[in-house]
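The lines below spell out each chain.
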Amino acid sequence: MTETSNSLKGRHVLVTGAARGIGAAISRSLAAQGASLSLMGRKRDALQQLADSLPGQHAVVVADVADAESVNAAFAKARAALGPVAILVNNAGQAESAPFHKTSLQLWQQMLGVNLTGTFLCAQAALPDMLQAKWGRIINIASTAGQKGYPYVSAYVAAKHGVVGLTRSLALEVAKKGVTVNAVCPGYTETDILRESIANVVAKTGRSEQEAMAEFAAGNPQGRIVQPEEVADAVRWLCGDAAGSINGQSISVSGGEVM
Ligand code: NAP
């Protein structure tokens, strides 16, 4: 049995959608473990503000994850700043709702573009560094929407099921190469995505904010909304050497909503 460590000292971690919500919680958690982070997103100021608040040395890289050129340029900058990427956290995402018959091709493509193609592009950009090092972690923030269906979000659900499928396939391709690929699947989590969903329910149904929030919480068997730090802790665990046998999994952080 070899000795394993959960310290991330010396590891370069690239987190997409790092500026707020779950991405910011993941960044804070991994920086506390000693990781050097490349914080990726579309808004430089918000990313820089986060970088300035973290212990250690970090880089800010601006990119739209759905755009191949923008992703490749950002990875080049991240490597120039902090060296080869050891861990990729594909967290950037958007969740827009619409009944299926009102789901436009534009909305469909946007949900697939950010949530699924973004995950594909960043994984392709990061993997060569991991194969070269014979060590790596790819952690995809999917959703319980990658594990079960929900009404009125078919494009998002399709994209997140795609992320789970990509996770399983890639996990098998790299299984003998020191790299693991896993998905973390949060239930409703207290971030801007949830706040926007609640505002949407209030606008469309006339229910109060409290009623809408209670409805989202009721989907979780624990009757509550997940906190971003709980998702971040699952990611932190997957990053460590001790999680080396966990591969191709979709870990539901949802109080038992999926089992
Ligand atoms: P959030 O607070 O809205 O944050 C989303 C992040 O993604 C932001 O930092 C945003 O950055 C970034 N982003 C969005 N589009 C992007 C693009 N095209 N390119 C680069 N970055 C982009 O939402 P969150 O709840 O933390 O979501 C994080 C992940 O968790 C998403 O994948 C989401 O699907 C998943 N998730 C969330 C919940 C939930 O209930 N909150 C549940 C399950 C799964 P900028 O806008 O600054 O670019």
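Residues numbered from 1 in each chain as written. Predicted model: local features only at pLDDT ≥ 70, side-chain atom pairs only at ≥ 80, totals over all residues. Heavy atoms only, no water.

**Student:** Can you walk me through helix H2 (residues 44-53) in this structure?
**Tutor:** Residues that lie three or four places apart on an α-helix share one face, since the helix turns once every 3.6 residues. Among the residues of H2, those classed as buried are Leu47, Leu50 and Ala51. In an axial view of H2, the angular spread of the buried residues amounts to 100 degrees, which keeps them on one side of the axis. Residues of H2 that are exposed and point over 90 degrees away from its buried face: Asp45, Gln49, Asp52 and Ser53. Packing partners of the buried residues in H2 comprise helix H1 (21-32), strand S2 (36-41) and strand S3 (59-62). (Buried < 20%, exposed > 50% of the residue type's maximum accessible area, 1.4 Å probe, protein only. Helix = DSSP H or I, 4+ residues; strand = E, 2+ residues; numbered from the N terminus. Arc of directions from axis to C-beta. Contact = heavy atoms within 4.5 Å.)

**Student:** Would you mind going over the domain arrangement of the protein chain with me for this structure?
**Tutor:** Accessible area lost when the parts come together is the quantity often used to give the size of an interface. Assigned domains of the protein chain: these are domain 1 (12-187 + 227-250) and domain 2 (188-225). Relative placement of domain 1 and domain 2: their C-alpha centres are 24 Å apart. At the interface, 14 residues of domain 1 touch nine residues of domain 2. Summed over both sides, the interface between domain 1 and domain 2 buries roughly 910 Å², with carbon and sulfur atoms accounting for 43% of that surface. Where domain 1 meets domain 2, there are two salt bridges. In this structure, the salt-bridge partner of Glu230 is Arg224, at a minimum N-O distance of 2.8 Å. Taken together, domain 1 and domain 2 are joined by five residue pairs in polar contact (both at pLDDT 80 or more). Among the elements of the structure, H1 and helix H8 (228-239) are those that each provide at least two residues to the side of domain 1 that touches domain 2. Looking at the side of domain 1 that touches domain 2, the element that brings in the most residues is H8, giving three residues. The class makeup of the residues in the side of domain 1 that touches domain 2 is six nonpolar, six polar and two charged. (Domains from an automatic or database assignment. Buried area = accessible area lost by both parts, 1.4 Å probe. Salt bridge = Lys/Arg side-chain N within 4 Å of Asp/Glu carboxyl O. Polar contact = N/O pair within 3.5 Å; in protein donor to acceptor, adjacent residues only side chain to side chain. Nonpolar A, V, L, I, M, F, W, Y, C, P; charged D, E, K, R; others polar.)

**Student:** How should I be thinking about the packing of aromatic side chains in this particular structure?
**Tutor:** Scanning the model with the defined rule gives two aromatic pairs in all. Ring centres 4.5 Å apart and planes at 70 degrees place the aromatic pair Tyr188 and Phe216 in the edge-to-face group. Of this pair, Tyr188 sits in the loop between strand S6 (179-186) and helix H6 (192-205) while Phe216 sits in helix H7 (residues 209-218); the two residues are 28 residues apart in sequence, bridging distant segments of the chain. Looking at Tyr188, the relative accessible area reads 30%, which means it is partly exposed. Accessibility expressed as a relative area gives 12% for Phe216, which makes it buried. Taken together, the ring pairs connect Tyr150, Tyr188 and Phe216 into an aromatic cluster. Here the guanidinium or amino end of Arg11 rests over the ring plane of Trp135, the centre of that ring lying 3.5 Å away. (Phe/Tyr/Trp six-rings, centres within 6.5 Å; stacked < 30°, edge-to-face > 60°. Lys NZ or Arg CZ within 6 Å of the ring centre and 35° of its normal.)

**Student:** Is there a simple way to explain the sheet that holds strand S4 (residues 87-90) in this structure?
**Tutor:** Either a parallel or an antiparallel arrangement is found when strands of a sheet pair, and the pairing is made through backbone hydrogen bonds. Strand order across the open sheet formed by seven strands is S3-S2-S1-S4-S5-S6-S7, with parallel pairing between neighbours. Only two strands of the sheet have a single partner each, and these edge strands are S3 and strand S7 (250-253). Direction aside, neighbouring strands of the sheet carry axes that sit 20 degrees apart on average. Examined bridge by bridge, S6 and S7 share four bridges and lie parallel to one another. Within S7, the position partnered with Cys185 by the bridge is Ser252. Relative to S3, H2 is tilted by about 165 degrees, and along the sheet it contacts S2 and S3. (Pairing = 2+ DSSP bridges. Axes fitted to C-alpha atoms, helices over the stretch in contact; angles between N-to-C directions.)

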